[in-house]
Amino acid sequence: MSVYRQLATRLLGHDSLFVRRTFGGIHPPAFKQHSLRSRIMDTPIPAQLHIPLNTTQRESLSMLVAIGERVRKYQKLAEVSLGDDHGTSLPVHAPTSGVMRALALAPVADHESSEQLCLTLEADGRDEAIALRPEANAAIERLSGAEIQVRIRDAGILGMGGAGFPTAVKIESGNGFGVELLIINCAECEPYISADEALIRERAEHVVAGAELLRRACSARRLVIAIEDSKNDAIAALRQALESETVLETRCELIVIPAKYPAGSERQLIECLTGVEVPSAEYPTGSGILVQNCGTAHASYEAVVLGRPCISRITTLCGEALLTPKNFEVLLGSSIDFLFGLCGLKQADLSRSVLGGSLMGRELASTESVVCKTTNCLIAAGRGELPAAPAEQACIRCGFCADVCPARLLPQQLLAHCKTGDSIELIEHGLLDCIECGACDYICPSHIPLVSAFKDSKLSIDERQRDRQRSKYWQNRFQFRQYRIKKDKEQSLASRAEARKSSLEPIEQAASEAAADGAGGFSKEQASREIAAAVARVKARRGASSSDKDESK
Amino acid sequence: MLPLISFWPVQLALVAVFCYAITLFIRKIVLVALQQLRTQRSLVTRINNVLPQTQCGQCGHPGCLPYARAISSGEASNKCPPGGKETLFELARLLNEPIRELDPAHGTFKAFSVAVIREEECIGCTKCIQACPVDAILGGPKRMHTVIESECTGCDLCVEPCPVDCIDMVAPTAVPEHAILDSRSVSVQKSGART
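Residues numbered from 1 in each chain as written. Chains lettered and ligands numbered in written order. Predicted model: local features only at pLDDT ≥ 70, side-chain atom pairs only at ≥ 80, totals over all residues.

Tallying secondary structure elements over chain A gives 15 helices and 18 strands in all. Over its C-alpha atoms chain A spans a radius of gyration of 37 Å, topping by over 25% the 24 Å that the globule rule assigns to 553 residues. Its C-alpha atoms put chain A at 125 × 60 × 55 Å along the principal axes. Relative to its 553 residues, chain A shows a buried fraction of 44%. Summarising the internal contacts of chain A: among those between residues at least 6 apart in sequence, 74% fall at separations of at least 24. (Helix = DSSP H or I, 4+ residues; strand = E, 2+ residues; numbered from the N terminus. Rg over C-alpha atoms; globule rule 2.2 N^0.38 Å. Buried ≥ 20, exposed ≤ 12 C-beta atoms within 10 Å, placed from the backbone. Contact = placed C-beta atoms within 7 Å.)

Right, let's talk about the domain arrangement of chain A for a bit. Residues and elements named next belong to chain A. Split into domains, chain A comes out as domain 1 (35-126 + 144-342), domain 2 (390-520) and domain 3 (523-552). Residue-level contacts link seven residues of domain 1 with seven residues of domain 2. Grouping the constituent residues of the side of domain 1 that touches domain 2 by class yields three nonpolar, three polar and one charged. (Domains from an automatic or database assignment. Nonpolar A, V, L, I, M, F, W, Y, C, P; charged D, E, K, R; others polar.)

What follows concerns the domain arrangement of chain B. Segmentation of chain B into domains returns domain 1 (9-35), domain 2 (43-106) and domain 3 (111-171). Taken over C-alpha atoms, the centre of domain 1 of chain B sits 63 Å from the centre of domain 3 of chain B.

Attention shifts here to the nonpolar core. Formed by 136 residues in total, the largest nonpolar core has its most connected members in Leu182, Ile183 and Ala226 of chain A. For this core, the leading source of residues is helix 5 (residues 195-218) of chain A, giving 13 residues. With residues near it in sequence (within four places) discarded, leucine 182 of chain A still touches Leu214, Arg215, Cys218, Ala220, Leu223, Leu290 and Gln292 of chain A. Formed by 18 residues, the second largest nonpolar core is a distinct cluster that contains Ala115, Ile117, Cys128 and Val134 of chain B. (Core = buried A, V, L, I, M, F, W, Y, C linked by C-beta atoms within 7 Å.)

Residue and element names in this part refer to chain B. At a minimum axis distance of 9 Å, the contact between helix 3 (residues 43-50) and helix 5 (residues 84-95) shows a crossing angle of 165°. Between helix 3 and helix 5, the angle is such that the two are roughly antiparallel. Where helix 3 crosses over helix 5, the handedness of that crossing is right-handed. Note on element contacts: helix 5 touches helix 3 through Thr87, Glu90, Leu91 and Leu94, opposite Arg46, Ile47 and Val50. For the contact of helix 3 with helix 5, a count of residues per class yields four nonpolar, one polar and two charged. (Axes fitted to C-alpha atoms, helices over the stretch in contact; angles between N-to-C directions. Parallel < 35°, antiparallel > 145°, perpendicular 65-115°, else oblique. Left-handed = near helix turned anticlockwise from the far one by under 90°.)

What follows concerns the sheet that holds strand 18 (residues 377-381) of chain A. Residues and elements named next belong to chain A. Spatially, six strands are ordered 1-14-13-18-15-16 in an open sheet, and the strand pairing comes out mixed. Since the sheet does not close on itself, it has two edges, and those belong to strand 1 (41-42) and strand 16 (362-363), each with one partner. For strand 13 (residues 312-318) and strand 18, the ladder comprises three bridges, and the chain directions are parallel. Across the sheet, threonine 316 pairs through a bridge with cysteine 377, a residue of strand 18. Lying over the sheet, helix 5 contacts strand 13, strand 14 (326-331) and strand 18, oriented at roughly 120° with respect to strand 13. (Pairing = 2+ DSSP bridges.)

Let's shift gears to the environment of threonine 153 of chain B. Looking at the secondary structure, you find threonine 153 of chain B in the loop between strand 3 (146-147) and strand 4 (167-170). Threonine 153 of chain B gets classed as buried once you count the C-beta atoms within 10 Å, which come to 26. Other than its neighbours up to four places away in sequence, threonine 153 of chain B contacts Trp474 of chain A together with Thr54, Gln55 and Val134 of chain B.

With that settled, consider the packing of helix 5 of chain A against helix 8 (residues 294-306) of chain A. When two helices pack together, their arrangement is captured by the angle between the axes and the distance separating the axes. All names here are of chain A. Where helix 5 contacts helix 8, the two axes come as close as 7 Å, and the packing angle between them is 60°. Of the possible angle classes, the one that applies to helix 5 and helix 8 is oblique. Classified by chirality, the crossing of helix 8 by helix 5 is left-handed. Each of Ala195, Asp196, Leu199, Ile200, Arg203, His206, Val207, Ala209, Gly210, Ala211, Leu213 and Leu214 in helix 5 lies in contact with helix 8, whose residues at this interface are Cys294, Gly295, Ala297, His298, Ser300, Tyr301, Val304 and Val305. Residues of the contact of helix 5 with helix 8, tallied by class, amount to 13 nonpolar, five polar and two charged.

Now for the sheet that holds strand 5 (residues 76-81) of chain A. All names here are of chain A. Taken in spatial order, the three strands make up an open sheet running 3-5-6, and their pairing is antiparallel. At either margin of the open sheet sits one strand with a lone partner, and together these are strand 3 (61-63) and strand 6 (89-93). When strand polarity is set aside, the average angle formed by the axes of neighbouring strands in this sheet is 20°. Across five bridges, strand 5 lies against strand 6 in antiparallel orientation. Following the sheet pairing, alanine 78 is matched in strand 6 by valine 92.

It is worth spelling out unusual backbone geometry at this point. Here tyrosine 261 of chain A and proline 262 of chain A are connected by a cis peptide whose omega angle stands at -5°. Position of proline 262 of chain A relative to the elements: it lies in the loop between strand 11 (253-257) and helix 7 (266-274). Although it is not a glycine, glutamine 53 of chain B adopts a positive phi angle of roughly 65°. Checked against the element boundaries, glutamine 53 of chain B lands in the loop between helix 3 and helix 4 (64-72). Unusually for a residue other than glycine, glutamine 55 of chain B sits at a positive phi of about 60°.

Let's shift gears to the environment of arginine 383 of chain A. Residues and elements named next belong to chain A. Inspection of the secondary structure assignment puts arginine 383 in the loop between strand 18 and helix 10 (400-404). With 12 C-beta atoms counted inside 10 Å, the residue arginine 383 sits in the exposed group. Beyond its immediate stretch of four places on either side in the chain, arginine 383 contacts Asp349 and Ser351.

Residue and element names in this part refer to chain A. Structurally, glutamate 190 can be placed in the loop between strand 9 (181-185) and helix 5. Counting along the chain gives 300 residues from glutamate 190 to glutamate 490, while the straight-line C-alpha distance between them is 69 Å. Once residues within four sequence positions are removed from consideration, glutamate 190 is found in contact with Tyr261, Gly357, Leu359 and Met360.

A word on the confidence of the model for chain B. Should the pLDDT be low somewhere, the predicted coordinates at that spot are not to be read in detail. All names here are of chain B. Confidence along chain B averages 81 in pLDDT terms, with 87% of residues attaining 70 or more. Looking across chain B, the model is least confident in helix 1 (residues 2-7), with a mean pLDDT of 81, and most confident in strand 3, with 92. Per-residue pLDDT stays below 50 along residues 176-195; that stretch engages in 30 contacts with residues further than four places along the chain or on separate chains. This prediction of the complex comes with two scores: 0.75 for pTM and 0.72 for ipTM. (pLDDT = per-residue confidence, 0-100.)

Moving on to helix 3 of chain B. Since the α-helix packs 3.6 residues into each turn, any two residues three or four apart lie on the same face. All names here are of chain B. Every buried residue of helix 3 is accounted for by Ile47, Asn48 and Val50. Along helix 3, the residues classed as buried sweep out an arc of 160° about the axis, all on the same side. Of the surrounding elements, those touching the buried residues of helix 3 are helix 4 and helix 5. (Arc of directions from axis to C-beta.)

Pairing of strand 3 of chain A with strand 5 of chain A involves three bridges; the strand directions are antiparallel. From the neighbouring strand, methionine 63 of chain A faces strand 5 of chain A, where its bridge partner is alanine 78 of chain A.

What follows is the structure, encoded as structure tokens:
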């Protein structure tokens, strides 16, 4: 199908990109104005940083510094291998100067894992940096896509939107398919999160330049920046940046999409802009489309143009328990306690701390968790803000959940299958296409926790598939054992036959020799004579020995 | 050819379109038939693929394949405790039967466990090695034996023959690697390594 679509895109040319109405979605209150009141602030340097290494296994690390060693800002600390299927590694750099103290598991504010290996860095406060080598504009214009990709990799950039997929790997995966369209995702649709908006408002030029660098890296033909219509300041800043482009030549387009949750989800954004529905269980690169977050674009700009590795990110700090919610440029590895302290945390008001927005966020077990490359928002919820869901009531079959589901699923039907645990029905009803956006939870008048049920079922389906693979393996082992037993039996039979043959051989040989000697062949008389002689010999020996005994007596 | 086209342009175009449509149609039919051929496997194989392959014999048959054969010839499909609920569901769906509860005569659902030999007590009798259906036990006569955890199916078959009762069934310490990466799976064809 994608062939026809590509053909249509070619024929229709530029007009294939326009804003379409997407299915489902909700319009929750945004709660972004509080954190957007101030500019992005730098944090002071914390006394101690726990730099997350994006892994829990020591085997995947190759350390470049020793514990107790002094390091300087931007110095490369370790290379983290990303496993066989990526075939590359991710470098980690020092956010400030200081002394390395320890390598241990520590809580991390990451969407995927709650604990990672962290390098503890005791900051000395002097912030001595390795000299960076910024590129001249002319040199940047000459950079090839592969060179840009290498620089992005060397800077240790991950997808800043939340999923944290290594950017260089994503670009590489696109190269195999040939990317037609690169979309820079500025549609930060979830309530509370304002990090991308703040970033664009203040550094739109850098974002545009970074977007152009990403486009060159994946050699896409078109570059589009998609932003929600609720972000007026950011749109104005982007327009200005596109008009007064100084860093790089670009033909970047800006498309404003209607604000809706979840407009910023990769698949929904692609559908909104191109009308292409990415097939389930496939990446958008298969359809010639690549989506990158605007934070990633900014980080790429800093990596390629300024030569600055990824040691900080913009994180929103908000919630009613904070006196001054704002966006911070946070050094990776700062603890959440420290950041909440900077914003004036009212400890008595704090009911819970949440990572991410109010719909897809995850409650943090401890405020000692540290900021990693995917920490986009931290909410210190006050009393009454983000309350726990009221008691679950029976489904009244209103169908609201099906109306708002952006993936066009039937959540109430899925829930029924989740309860019976019927994984085949669940897969047939498209559970694996659920993006866990939480729109159904939000709209449900009976407060049924649908998404958590879906997440559990997804885990159990995963487990079932692992079991299937394990069964396959056992089956092979069993078949191999049976084959081995059969082979063993055949072999022992064969060897026994051979042994019998070899035990017969000397007799035959002797017989043939005798035949050669006596020239009369093997005869019974001769044999019986020989046996009688042998018996007589033995008797004689026995008689002799008995007479010996008699004599001794 | 050219005068022909100039003489009957519309007719020829129609014929071309018709031929194209026919070609597409035939291609589709061939593809569908091939697909069916590829997916059509015997019922026994399909049942066997649903069974958990622990080879534990709790169903009363010596292994999963014999039980699959028995099911395909009419035996009840609810005799497989290690398969869990999913196997019950999938078998019922495959056989187009109503979903039944597990037959309690053949055991109950249990969490996956693996065998562990208390090595100081092992006398090296090799009886467990002969009992193991997947060659997961390592050892020799009058030498200590041990279970390779990643290979153990948790079938329980080694526990009973042990004369000194030194085998325990315990919770596995980690997810075996081949459960995630099926890269080193053994196949019968590749088994020439044995001499």
